[in-house]
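Listed below, chain by chain, are the residues.
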Amino acid sequence: MEIISAAFLKLIHSSQRIRGVHPRPRCTPSLTDVVELAIVSFYSQPVFDYSNKLISVLEKRRAIELQGDALIISDVVAVSQYKTKANIDHLPPEIVAKIDGSVQFLRQSLEEGTSIYGVNTGFGGRADTSTTAAGTLQVALLQMQLSAVLPVSGADNIAKDNKEFQYQMSIPDGVDTATLSMPESWVQGHSAVCLDIIKDILKFLEHDLVPLVPLRGSISASGDLCPLSYIAGALEGNPDVRVWWRDGSARKNPGLLNGTGFPVAVAAIAHHKAETLATLAQILTAMGVEALLGTAESFDPFIAAVRLHSGQIEVAHNIRAFLKGSKLARFHHASSTSGHLRQYQYALRTSSQWLRPGLEDMALSRCQLEIELNSTTDNPLVDVEHEQIHHGGNFQASSLELLDSRLAYNLPPSLAVDEPSLSYSMKGVDINMASYMSELAYIANLVSNHVHSAEMSNQSLNSLALISARYTHTAVDLVSLMSSAYLCCLCQALDLRAMNRGFIARLKPELEDAQLAELHISIWKSLQDSLAASTSKDSSERFFGVAQPVQHIVISYLATSTTPPPKCLNIITTWTATLAETLKTIFNANRTSYLTNPDATPYLGNASKCMHLFGIVDHPNFGSGSVEDNIKRNTGSRISCIYRAIRDGSIVEPVLGCLKGVGEVDRNGAGGARAKL
């Protein structure tokens, strides 16, 4: 079916003069230079190259050889639409060694007890669990994702050509190409997937086996875990996972979860189809000009060239070429006769402007898709060369942790510096942010969705560009408000972190005893966990609860001692009370000291030193009517200072200073001067 692309190739070939090598343009190019350079280099030439590569693969009936860095959209189409095979038969020895090395390094890390997300820990919110039975865990994690809805009827009754079933319950396109893009990612040697598994999954393509994958149930978070699990299930031989067989039926097949293999595969096929439609749109526009007895004047190279957009230049050139030879379209700048419009319909006259963004977006998306096809998107990633395992991700979550003490390790609720039962420091900011975000999401709706026909329907489709630009200013203002609030909260959080470092530095010497070093290591770990879990409590009651969990450590130590002291329980009770009082005294003394001269900069990185604008934020005392510069200010007043700096441009200098510091990271780093707003 996709052979129709060849016809469009011929049409575009007839519309353009394709050159080989082009000289570097002059500093001030002529309009001819602008037009010719845009035509040859922008959109159509890559489409030609892409289509020619596809045709070459199909004509020579050769398999796609995966190398980890050379997969393109035409390869994806060849596999998906034309059942082209793929292999790794000619991998260079250094790539094979890298793959084997990543597997060995992962195995070694597990043997050494290294905690590796998703390998010996749970997923997501269950990542706080761990096990030494990594193999059993992998089976459990895979089973967890085999949870989507598929038909329960007999396997032989599910015909592959049953389009209604395919489009309602399973992914119709992209499964076979996912089995191509996943191995392409794995052969880079960053995923610790062994060579045999890579070869096994390519056998699906070799034998025309397509795992039956559910259409719904994935949120594309750190990869499409649910769809990928059905491929992995087929690979491991799960008896309840079915595949499309060569004869078109779905059968049970006697066989890896992370990465973006599915969305990029499905998107690549969609992009291939859209390439044809993008060219078809230009052809239909030319036909419409003839049908309405229009003129080619609107596609004159001069009009396109002075707009400078490469997409418009190419569209105008193509449409004018498609009109060549027409006896219906007009090619001269003739004056209109009485009773006729001087300009013909906008829908055709300005079509090169409307089609322009589509071509430019298509060129960008092609580049991005082919980068993604050759990217490693697993989590975690194995860096064998530097012997490291990196934990990243393939999605973005909303930042909700900072003000929630349940998620922000060892930060108090609402970033309160004083007693949590009496202070709600940034809680109002949390509510404000929800308001800003809701309004921003509303503003993000397209204005063009509400366009109305105007001026006797002559202006039937309008850009509403000015309205959009005005609302963009509103969006910028909302993001400025959000950035101001977030920066203030971050400064507060950094001060709290610095204050806690001071507390720990004062506390640790009070607890150390060289003769009981091993005991104190256990005590210290327990204290740190208890301190982090108790930030929502006031200091008056917090520290006895922190000290109590340490008792079992002391009891266990005394139980193993050869000469336990008499009256152990009395000693432990007294020691616990003393520890609680020590914690409380040092905590309050440290807090008072830090509030007197708050300075987190010794602990901060280059950018945070530049942006750490304020010290601890607390609520001003009622009735303090002084207008002196050192007055305690409301949280909103401090955020307003940052907002003003963003709006009047004062913040540009420190922001650029941070950016400049990126190039100087190996030298002295950025300065830590505190700006006064």
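Predicted model only: the values in this text are computed from it and were never measured. (Residues numbered from 1 in each chain as written. Predicted model: local features only at pLDDT ≥ 70, side-chain atom pairs only at ≥ 80, totals over all residues. Heavy atoms only, no water.)

Engineer: Pulling in residues and values, what's your account of the pattern of salt bridges?
Structural biologist: Side chains that differ in sign of charge can pair as their charged atoms come close. One pass over the full model with this rule turns up 7 salt bridges. Residues Asp 200 and Lys 203 are paired through a salt bridge, measuring 3.7 Å at the closest nitrogen-oxygen approach. Highlighted residues: Asp 200 and Lys 203, both in helix α9 (residues 195–206), separated by 3 residues, approximately one helical turn. For Asp 200, a relative accessible area of 33% translates into the label partly exposed. Owing to a relative accessible area of 41%, Lys 203 belongs among the partly exposed residues under this scheme. Among the salt bridges present, the one from Arg 366 reaches Glu 275, with a minimum N-O distance of 3.0 Å. Within this pair, whereas Arg 366 is found in helix α15 (residues 351–373), its partner Glu 275 is found in helix α11 (residues 261–291), the two being separated by 91 residues in sequence. When sorted by exposure, Arg 366 lands in the same class as Glu 275, which is buried. (Salt bridge = Lys/Arg side-chain N within 4 Å of Asp/Glu carboxyl O. Helix = DSSP H or I, 4+ residues; strand = E, 2+ residues; numbered from the N terminus. Buried < 20%, exposed > 50% of the residue type's maximum accessible area, 1.4 Å probe, protein only.)

Engineer: Hey, could you go over unusual backbone geometry for me, with residue numbers and the actual values?
Structural biologist: Note that the residue after Asn 379, namely Pro 380, is joined by a cis bond; omega there is 5°. Tracing the backbone through its elements, the reader meets Pro 380 in the loop between α15 and β6 (381–383). Despite not being glycine, Arg 61 shows a phi value in the positive range, around 50°. Tracing the chain through its elements places Arg 61 in the loop between α3 (44–60) and β1 (64–65).

Engineer: How would you explain helix α16 (residues 427–443) if you had to name every residue and give the values?
Structural biologist: In a regular helix each residue adds 1.5 Å, so 17 residues correspond to 24 Å; α16 covers 25 Å between its end C-alpha atoms and thus fits that length. Within the span of α16, buried status applies to Val 429, Tyr 436, Leu 440 and Ile 443. What you see down the axis of α16 is that its buried residues fit within an arc of 55°, all on one side. In α16, the exposed residues that point more than 90 degrees away from the buried face are Ile 431, Ser 438 and Tyr 442. Among the structural elements, α17 (465–511) and α23 (635–648) are those in contact with the buried residues of α16. (Expected span 1.5 Å × (residues − 1). Arc of directions from axis to C-beta. Contact = heavy atoms within 4.5 Å.)

Engineer: Provide a residue-level description of the nonpolar core, including the pertinent values.
Structural biologist: In this structure, Ile 88, Leu 180, Ile 231 and Phe 262 are the most contacted members of the largest nonpolar core, which totals 53 residues. Ala 408, Leu 411, Ala 485 and Ala 600 belong to the second largest nonpolar core, which has 27 residues in total. (Core = buried A, V, L, I, M, F, W, Y, C linked by side-chain atoms within 4.5 Å.)

Engineer: Residues and numbers for helix α10 (residues 225–236), please.
Structural biologist: For α10, spanning 12 residues, the distance from its first C-alpha to its last is 16 Å, which sits close to the expected 16 Å at 1.5 Å a residue. Within α10, 10 of the 12 residues are buried, which leaves the element mostly enclosed by the surrounding structure. Along its buried surface, α10 packs onto α6 (134–145), α8 (175–186), α9, β3 (210–211), β4 (242–244) and α11. At the exit of α10 stands Gly 237, carrying a positive phi of roughly 90°.

Engineer: Any chance you could break down the packing of aromatic side chains for me, citing the residues and the numbers?
Structural biologist: The relation between two aromatic rings is expressed through the spacing of the ring centres and the mutual angle of the planes. Throughout the structure, instances matching the rule amount to 3 aromatic pairs. Ring geometry for Phe 503 versus Phe 543: centroids 6.5 Å apart, planes at 55°, classification tilted. Residue Phe 503 is located in helix α17, and its partner Phe 543 is located in helix α19 (residues 539–547); the two are separated by 40 residues in the primary sequence. We note that Phe 503, like Phe 543, is buried. When the ring of Phe 503 is compared with that of Phe 587, the centres are 5.4 Å apart and the planes differ by 90°; the resulting orientation is edge-to-face. Note that Phe 503 is positioned in helix α17 and Phe 587 in helix α21 (residues 568–596), a separation of 84 residues in sequence. In terms of burial, Phe 503 and Phe 587 fall into one category: buried. Among the aromatic residues, ring-to-ring pairing joins Phe 503, Phe 543 and Phe 587 into one connected group. (Phe/Tyr/Trp six-rings, centres within 6.5 Å; stacked < 30°, edge-to-face > 60°.)

Engineer: Break down a nonpolar patch on the surface for me, citing the residues and quoting the values.
Structural biologist: Together, Val 652, Leu 656, Leu 659 and Val 662 give the surface a local cluster of nonpolar side chains, amounting to about 390 Å² of exposed area. Here Leu 659 lies in helix α24 (residues 652–662). (Patch = residues over 30% accessible without salt bridge, like charges linked within 9 Å, V, L, I, M, F, W, Y side chains within 5 Å. Areas by Shrake-Rupley, 256 points an atom, 1.4 Å probe, with all protein chains shown as cover.)

Engineer: Run through the side chain of Ser 80, naming residues and quoting values.
Structural biologist: Secondary-structure assignment places Ser 80 in helix α4 (residues 73–82). The contacts of Ser 80, once residues within four sequence positions are left out, are Asp 176, Thr 177 and Ile 269.

Engineer: How would you explain the confidence of the model for the protein chain if you had to name every residue and give the values?
Structural biologist: Put simply, the protein chain has an average pLDDT of 78, and 78% of its residues get 70 or more. pLDDT under 50 marks residues 33–40. Its contacts with residues more than four places away, or in other chains, come to 23 contacts. In the predicted structure, residues 621–629 sits below a pLDDT of 50 and forms 4 contacts with residues beyond four places in sequence or in another chain. (pLDDT = per-residue confidence, 0-100.)

Engineer: Describe the side chain of Ser 352, naming the residues involved and giving the relevant values.
Structural biologist: Relative to the assigned elements, Ser 352 resides in helix α15. If sequence neighbours within four positions are ignored, Ser 352 has contacts with Phe 299, Gln 312, Val 315 and Ala 316.

Engineer: So what's going on with the packing of α4 against α8? Residues and values would help.
Structural biologist: Between α4 and α8, whose axes approach to 8 Å, the crossing angle comes to 135°. Between α4 and α8, the angle falls in the class oblique. For the crossing formed where α4 meets α8, the hand is right-handed. Of the residues in α8, those in contact with Asp 75, Val 76, Val 79 and Ser 80 of α4 are Asp 176, Thr 177 and Leu 180. Its residues placed into classes, the contact of α4 with α8 shows 3 nonpolar, 2 polar and 2 charged. (Axes fitted to C-alpha atoms, helices over the stretch in contact; angles between N-to-C directions. Parallel < 35°, antiparallel > 145°, perpendicular 65-115°, else oblique. Left-handed = near helix turned anticlockwise from the far one by under 90°. Nonpolar A, V, L, I, M, F, W, Y, C, P; charged D, E, K, R; others polar.)

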